[in-house]
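Survey of secondary and tertiary structure
Take a look at the letters that make up each chain.
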Amino acid sequence: MSVNPSCEEQGVSRLLAGRVVNRPQLDDAPRLQEAAVQLLQQQQDLCSLLREVSNPDRCCQTGEQSPAAPGGLRGSLLECELRRQATELGVPVAVLSVKLILERLTEITAPEGEEDERRELLTSSQRVQLCVLLESSRELMSQGALCPKLLWQEYRRDQRLPKLEVLNQLHCFSFLSLKYILESDDGVRVWLVSRLKALCSWTPPRGEEETKQVQLRVLSTVVGVLVGCGFELNSEPAAPDQRRISLLCCSLLDEMLFWLLDTVDKSLTSQSSGAGPGLWIQIFDASLCGVSASAEAVQRFFTHSLTQALTYKPRLTVSDAVTLQSDWTFAKADPLLMSLFRKLAVIFSVELLLRHLQQVLETHEVNWKHVLCFLSTLLVYNPCAPPSLRELLSRLLTSAFEGYDLEHMITAFLLARQGALEGAGVFSSYSDWFKMSFGGSSGFHASSKKSLVFLLKFLSDLVPFEPPQYLKVHILHPPFIPVKHRSLLMEYISLAKTRLADLKESVEDMGLYEDISGAGGASGSTQPQCQAVQDVEKAVSLFDSTGRISATVMEASIFRRPYFLTRFLPALLKPRVLPVKADARMSLIEALKKAEKLPAAQYSSYVESCQRQRRQDRSVVCLDAADDPLEVLEVQLQEFRGLVVDGNDGDMMAQLSRISHTLCVVFPGRPDDLMEQTVIKVHVDARLSPELHVKVINMILRNFCQCTLDTSRANPPNKQNLWASRFVSVLPGNTQLICSLVHRLWDLFHNQGSSLSAAHVLGLAAFVVHLHGSVSHSSLIQLVPPILPKPVPVGEAVSAALVCSTHTDMLFCVRFCVAAVCYGICRGHSLPQQQQDYVPSSFYKKLLYLIPRLLPEARRTAVTAEGAVGESPEKNLWSSATDAGATWRTTAWRLWRHAAFHQLQDTPQYQLSFSDWLVNELRVQRSEDALSDPERQEYQQWACLELFLPRAEEQGGCGGDMRILCSRLLDAVMDQQLKDQSLEKLHQRASATGTCLPDIISRLQEFVYEMEVTGLSGSRSGRADVCDFLFEFISRRCSSTVSSVSPSVSSELSLQHTLNTWNRVLLALPPLLLVKLKVEGGRTTLDCTTLTQHVNQHQRKVCSPAGLMSSHLTSHLLRGVLSASVSCGRPREEVNKAWTQISVHCPLLLTSAVRWWERLSPVLSSLWSRVCDGEPLPEQLQLLADCGHWAHSVARCLSPPPMPPAPALLLASSLHRAWRGRGGGNQSFGAALNMLRPERVSQDRQVLVFLLFLCVNDHLLTLLCLQEKSDEESLSLCSDLLCVLVDSPDWLLIFKSSEQGVYQSVTMVTSDEFTRLMPWAFYSLLLQQSAELLQRALRCPGFLQAAVLCYTSLLQLVLDGHAPASAAEPPEKQLDPSQILSQAKRFLLRVISQTSAAALSSAQLRRLESQCADVDPEVAAALSVHLGAPSLSPEMDFL
């Protein structure tokens, strides 16, 4: 075969490729190979040939490959040429091939520029060339033409530092293993560590993602081999070489770990640790398991590394650890160190790690910083760690006291304090741990005196190094010491107080309730003023809950007087605007004052300052942080959102720890003691302030909503991790944060609910559910103004903002409550026993009210605890709640038919009572209701008759009893009109349209009438039962309003308000129901006893003016009598009997009927004519008209008809009405009086005495109302009547409540207040009479006794504060109330001096003297002097 000269300059690859294309027949291969050999011999050297063979670009220039064996052909050619030249040169072929490969390797790895010299890895093109070279080398090795070991010897002979990627490729191509290199290279310790450090510290250029992956792959390969060689255990005894290699590998890995730990130490000062250590930390991964190392080897490697880290450079002593421990928390430690510990701990259980930690502590000298940082990492990243740590601490303390081992003792204290430093959300506070371990008689130290001494000696040795917060814990919560060894404890306390004084931590400034948490104590001591404020808040809270002064406060007032007087009392007595009703703070101050713990001068100064105080400034937030907390918090919350999506619990807990720290900066203050419930006041009417708090709260809520949406897209709540509860759990520790949070939620729900989107509603619902479960057991919310009667959990407080008064409010309320309850049910599905913690009862009961109201189909669905009747299989509640296309109706309907929803109704707290339903219904604005008037009527009738009437009473219903139903309706109607104005403002939103009160009253009318028609007992006597029911109801309401024997002014006003409200309800009821029907002997009669008792007991107290019922109420009662009489066999006779009974036993109704007769007569006549076929009024009612005619005749001085045969009070009332209506002068009235003959006719005298009483009543009314003209008229009438009656003792009886006789009925006409003021009226009238009339009165029998009794009663009125108040400008002719008492006394003394001694018996005199002795000794002395024993008539003693 001849060779074409034109091919001489072509490369081997091109030549071979061309031949393959042109002559593809396999039988031409030997000829082709022969031609190629000839060519090589003429033109090609070995270096060029190897370059050609190992160049992937030139091998592929033609774009095609031989289907036969171009690669194998190239290797064969190269091997042939190598052997030929080796034969010519007389050297072994292996030596020549090594030389050739090394030259090519040097050529490939040589840097092309300055930047390549700093590269620790090959470029992508170099990497490809190296792979091809190694492939060719492997072919040569397989053909026996290359020795790998010789290659490495020659490579290291030139003292080259191999690149790790080259070693990695040699290892991966199975050309030369790393294990062989470790075994054969004596200098591997020097260059391998340096290359590893260089590779870790080198950062690939931007954009070279493949290089970054190669970097990690190279490191993983090298470390995997080192771990496999260093930590693999063999069943057979290891040879010396193997032990050497194992130790070498361990040493290499330790050097890298020490480099990492050194870098961490240096970063504390240089603030920069570089990227190298961080990259090395990434190789601590379980993925090292595989070809190079087994799982057991990896575990041994991690255990060894953890031990090395914990024992690295143990320079710090125990005393250093005690002093510096607060700087080694998770939040303050180097992130690299924490990442290392986290990587090392990830493949082990908590119990195994703590057991290993204990072993290391017992057998090595340790680096306390690393030990405590490792514990913090374990606690923060692993929620299961705290219980295991408590067990370890228990073991350590048990061992310490069994062998009196100080090492175990100090270890336990350091570990416990480290856990406490991470905060209450991670581990118990140090004070709690110390109290639990040593605070009781069952503590570790309580077994013997030696143990006590051991503990106190240990604590004493720590004193010089202790931070002050721990000393305070030991003093405030000392270990339990029996009384006989108390001196040992006092020695320690004295030493601790001395140390605190050296630290300028005054013992007297220590708080009474100071509870040092690790984090709080480490960050710095609380200022004495702030601590005193916290003590006051705690003391007030305890007093409010127990009603007693805390024992701690009482002890401080004795044993810690400097702090009590200079810190605690000034904080307690800080001036403020005092509330009208005493709050807990005021009650505590009063209790301390009664206990004589408040200095009088300090208390007086406090009262004066409070009177001058205008407004107390709101608290100002002070921030002490280098970074803007808003920016820091925003970044932290965004990172937390990413961790929630990734589902990494450890990182999530760590991030929450950082968020909690930032929130403590924004909301400063000591975390509250969770052992006691805290009452947080939220002023809902105030503006949200300060602005920083508003922004932070908005940021928290927004982030929670975003996290809720992110997690809900993947899983329902019961399938999610615990991110939400953990997120919310960092909030309750700060009352200021909770206050701002609840305030913001209130503002959103109450004022901006309709503008919230579905995403907002869903997220906020989930947030409130978790907040309710997290805070409800530790904090209560008191809304200000007091919208709710007492402090309530967070869920109940937020629920109060969800009003249901308008259609818009109802829609938002049902949307929010549906979302909250759906979330709670789904969240609690996996934990049924905790489902109630996730479903606030207030939201649930709002749905029980709203869903049937807004969804009529819900009223017709029979639902039980097992689910709806005929219901299809349960649908996914959460998917419906989160479905953007689903309406609230769809979700509410699914929820309504859900079995879990109705199972909650079996629990009392989730039952909607009839009273609760009425309260909600009465808050609805009729004009803005979602229902029309007919729809509302249908709904209310369904709720009353079908829902609540048949329901059992214990479930909030009426038990089928219509009495209970109507009683609940009456209570609701009464309460609606009596409720607080703050509630009206809240629920009616200042609307002028009115509530559903008319609708509820309509329902009441329907059901009361149904009771009357159907009869409660199945007979016609049912009406009597209705009457009794109504009057018993109001009696019960009145008795609950006035609960004391001597009611206060406030209770009397409440009673008046209650009765006025009742009268409005009474006028809406059918009047015939107010009179009982009694069946005796087959005859039906009227029984007005209940009616008269009601008027006498209740209506008499609220008449305005006193002694006169309103015309509407009088007409209503009389129409009831007439209407009820129709059911009797003889209506006229029954009316006459009833009115006769009323005239005797109900004088107030009698006088009111006379006063309004002109209005009543047409109404009653029309009614009677209608029901009795045109008959005239019954005789007793007609008598009212006759008396009126007679009185008008007398008032006009006409010849009067004969006096009607009527009761004296009726005649007097008629005269009183006639004269007041006519307005005649004194002369005409006197003439009219002369027409009556009181001195001869007792009937006339009784009429005039009753008339005097009515006029005196008018006089009292004018005195109280300060009406000058009316008082002149009433005073003139009284004077004229006195001129006629003064000689008869009867007129005195109306001023004696105990001796009135036939005039007893006057006390049943007017109110109790006017009856008490009759002595005042007595002197007010007499002091304005002429001297002649007074002389006549003095001669009246019994006048002195009446004067003395009225004076003592008048004096008692003044002493009790019940006397009328003095007017600023009293009328000219009216006595000033302040002068009446003094003038009355002078008048009485004059009367006594002018009275004959024979006017009184000795018994009467003694009785008067005893009555005056206590109230006015001067009057008693006057009685004794002027009417004493020497002048007494013996005959009078028998009177």
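Everything numeric here is computed off the predicted structure, so don't read it as measured data.

**Concerning the overall build of the protein**
Within the protein, the regular secondary structure consists of 71 helices and 6 strands. Once local pairs closer than 6 in sequence are excluded, the contacts in the protein between residues at least 24 apart make up 77%.

**A closer look at the nonpolar core**
Judged by nonpolar contacts, the single largest core of 266 residues is most densely connected at Phe749, Phe767, Trp1291, Tyr1323 and Phe1343. Ranked by residues supplied to this core, first place goes to helix 40 (residues 807–827) with 14 residues. The residues contacting Tyr1323, other than those within four sequence positions of it, are Ala1347, Val1348, Cys1350, Tyr1351, Leu1354, Ile1380, Ala1384, Phe1387 and Leu1388. Counting residues in hydrophobic clusters, the runner-up holds 149 residues, among them Ile181, Val188, Phe284 and Phe374.

**Thoughts on the environment of Ser712**
Relative to the helices and strands, Ser712 resides in helix 35 (residues 691–714). A C-alpha to C-alpha distance of 8.5 Å links Ser712 and Trp878, two positions 166 residues apart in sequence. Beyond its immediate stretch of four places on either side in the chain, Ser712 contacts Gln720, Trp878 and Thr882. A polar contact is formed between the side chain of Ser712 and the backbone oxygen of Thr708, at a distance of 2.6 Å.

**Some remarks on the environment of Gly763**
Relative to the helices and strands, Gly763 resides in helix 38 (residues 758–775). Gly763 gets classed as buried once you look at its relative accessible area, which sits at 0%. Distance in space between the C-alpha atoms of Gly763 and Cys705 is 4.0 Å, their sequence separation being 58 residues. Setting aside residues no more than four positions away along its own chain, Gly763 makes contact with Phe704, Cys705 and Thr708.

**Focus: the side chain of Thr411**
Mapped onto the fold, Thr411 is located in helix 22 (residues 406–421). In this structure Thr411 touches Leu361, Trp368 and Leu396, once residues within four positions along its chain are discounted.

**Structural notes on the confidence of the model for the protein**
In this model, the protein carries a mean pLDDT of 80, and residues with pLDDT of at least 70 account for 81%. Note that pLDDT drops below 50 for residues 58–73; the model gives that stretch 15 contacts with residues more than four away or on any other chain. Taken together, the stretch residues 515–525 has pLDDT below 50 and engages in 24 contacts with residues farther than four places along the chain or on a different chain.

**What to know about the packing of aromatic side chains**
Tallying each qualifying case throughout the model produces 49 aromatic pairs. Ring centres 5.4 Å apart and planes at 70° place the aromatic pair Phe341 and Phe374 in the edge-to-face group. Highlighted residues: Phe341 in helix 18 (residues 335–345) and Phe374 in helix 20 (residues 368–381), separated in sequence by 33 residues. Seen in terms of ring centroids, Phe564 and Phe568 are 5.6 Å apart; in terms of plane orientation they differ by 15°. Their pairing is stacked. Of this pair, Phe564 and Phe568 both sit in helix 30 (residues 561–572), 4 residues apart, which is roughly one turn of that helix. Residue Phe564 shares its accessibility class with Phe568, and that shared class is buried. Ring-pair connections join several aromatic residues into one group, and the members of that group are Phe401, Tyr404, Phe413, Tyr430, Trp433, Phe434, Phe438, Phe454, Phe458 and Tyr470. Positioned above the aromatic ring of Trp1156, the side-chain terminus of Arg1155 is 4.5 Å from the ring centre.

**Quick notes on the packing of helix 21 (residues 385–403) against helix 23 (residues 430–438)**
Between helix 21 and helix 23, the shortest axis-to-axis distance is 12 Å and the interhelical angle comes to 45°. Classed by the angle they form, the pair helix 21 and helix 23 counts as oblique. Crossing hand, helix 21 versus helix 23: right-handed. Where helix 21 approaches helix 23, its residues Leu393, Leu397 and Phe401 are matched on the opposing element by Trp433, Ser437 and Phe438. Partitioning the contact of helix 21 with helix 23 into residue classes produces 5 nonpolar, 1 polar and no charged.

**Details of the pairing of strand 5 (residues 1076–1080)**
As paired strands, strand 5 and strand 6 (residues 1083–1087) are joined by 5 bridges and run antiparallel to one another. If you follow Lys1078 over to strand 6, its bridge partner there is Thr1085. Hairpin connection, strand 5 to strand 6: the antiparallel pair is bridged by 2 residues, and Gly1081 has positive phi, about 60°.

**Considering unusual backbone geometry**
At the junction of Val784 and Pro785, the peptide bond is cis and its omega measures out at 5° in the coordinates. For the bond from Ser1104 to Pro1105, the omega torsion is 5°, close enough to zero to count as cis. With respect to the secondary-structure elements, Pro1105 resides in the loop between helix 54 (1089–1097) and helix 55 (1111–1125). The backbone of Tyr404 shows a phi angle near 50°, a positive value even though the residue is not glycine. In this structure, Tyr404 sits in the loop between helix 21 and helix 22. Even without being glycine, Lys504 reaches a positive phi, approximately 60°. Along the chain, Lys504 falls in the loop between helix 26 (486–502) and helix 27 (518–523).

**Concerning the side chain of Gln1329**
Mapped onto the elements, Gln1329 comes out in the loop between helix 66 (1318–1326) and helix 67 (1331–1338). Here the side chain of Gln1329 touches Leu1325 through a polar contact of 2.9 Å, landing on its backbone oxygen. Once you skip the residues sitting within four places of it in the chain, Gln1329 turns out to touch Leu1275, Ser1279, Leu1282 and Leu1334.

**A look at the pattern of salt bridges**
One pass over the full model with this rule turns up 40 salt bridges. We note a salt bridge from Glu210 to Arg127, for which the minimum N-O separation is 3.9 Å. Highlighted residues: Glu210 in helix 13 (residues 209–231) and Arg127 in helix 8 (residues 124–142), separated in sequence by 83 residues. In this structure Glu210 comes out as partly exposed when scored by relative accessible area, which is 47%. Given a relative accessible area of 7%, Arg127 falls into the buried group. Ionic pairing is found between Glu466 and Arg417, a salt bridge with its closest N-O pair at 2.6 Å. Within this pair, whereas Glu466 is found in the loop between helix 24 (449–462) and helix 25 (468–476), its partner Arg417 is found in helix 22, the two being separated by 49 residues in sequence. Both residues of the pair, Glu466 and Arg417, belong to the buried class.

**Here's the deal with empty space enclosed by the protein**
Counted under the stated rule, the structure contains 11 cavities of 30 Å³ or more. Estimated volume of the largest cavity: approximately 100 Å³. Surrounding the largest cavity, Ile101, Leu102, Leu105, Leu130, Leu133, Leu134, Leu151, Trp152, Tyr155, Val166, Leu170 and Leu176 form its lining. Among the secondary structure elements, those contributing two or more residues to the lining of the largest cavity are helix 6 (93–109), helix 8, helix 9 (148–157) and helix 10 (164–172). Of the residues contributing to the lining of the largest cavity, the split by class is 12 nonpolar, no polar and no charged.

About the thresholds
Residues numbered from 1 in each chain as written. Predicted model: local features only at pLDDT ≥ 70, side-chain atom pairs only at ≥ 80, totals over all residues. Heavy atoms only, no water. Helix = DSSP H or I, 4+ residues; strand = E, 2+ residues; numbered from the N terminus. Contact = heavy atoms within 4.5 Å. Core = buried A, V, L, I, M, F, W, Y, C linked by side-chain atoms within 4.5 Å. Buried < 20%, exposed > 50% of the residue type's maximum accessible area, 1.4 Å probe, protein only. Polar contact = N/O pair within 3.5 Å; in protein donor to acceptor, adjacent residues only side chain to side chain. pLDDT = per-residue confidence, 0-100. Phe/Tyr/Trp six-rings, centres within 6.5 Å; stacked < 30°, edge-to-face > 60°. Lys NZ or Arg CZ within 6 Å of the ring centre and 35° of its normal. Axes fitted to C-alpha atoms, helices over the stretch in contact; angles between N-to-C directions. Parallel < 35°, antiparallel > 145°, perpendicular 65-115°, else oblique. Left-handed = near helix turned anticlockwise from the far one by under 90°. Nonpolar A, V, L, I, M, F, W, Y, C, P; charged D, E, K, R; others polar. Pairing = 2+ DSSP bridges. Salt bridge = Lys/Arg side-chain N within 4 Å of Asp/Glu carboxyl O. 1 Å grid on protein atoms, 1.4 Å probe; cavity = no way out; pocket = protein on both sides within 12 Å on 5 of 7 lines; lining within 4 Å. Points joined across faces, edges and corners; volume = space filled by probe spheres on them.

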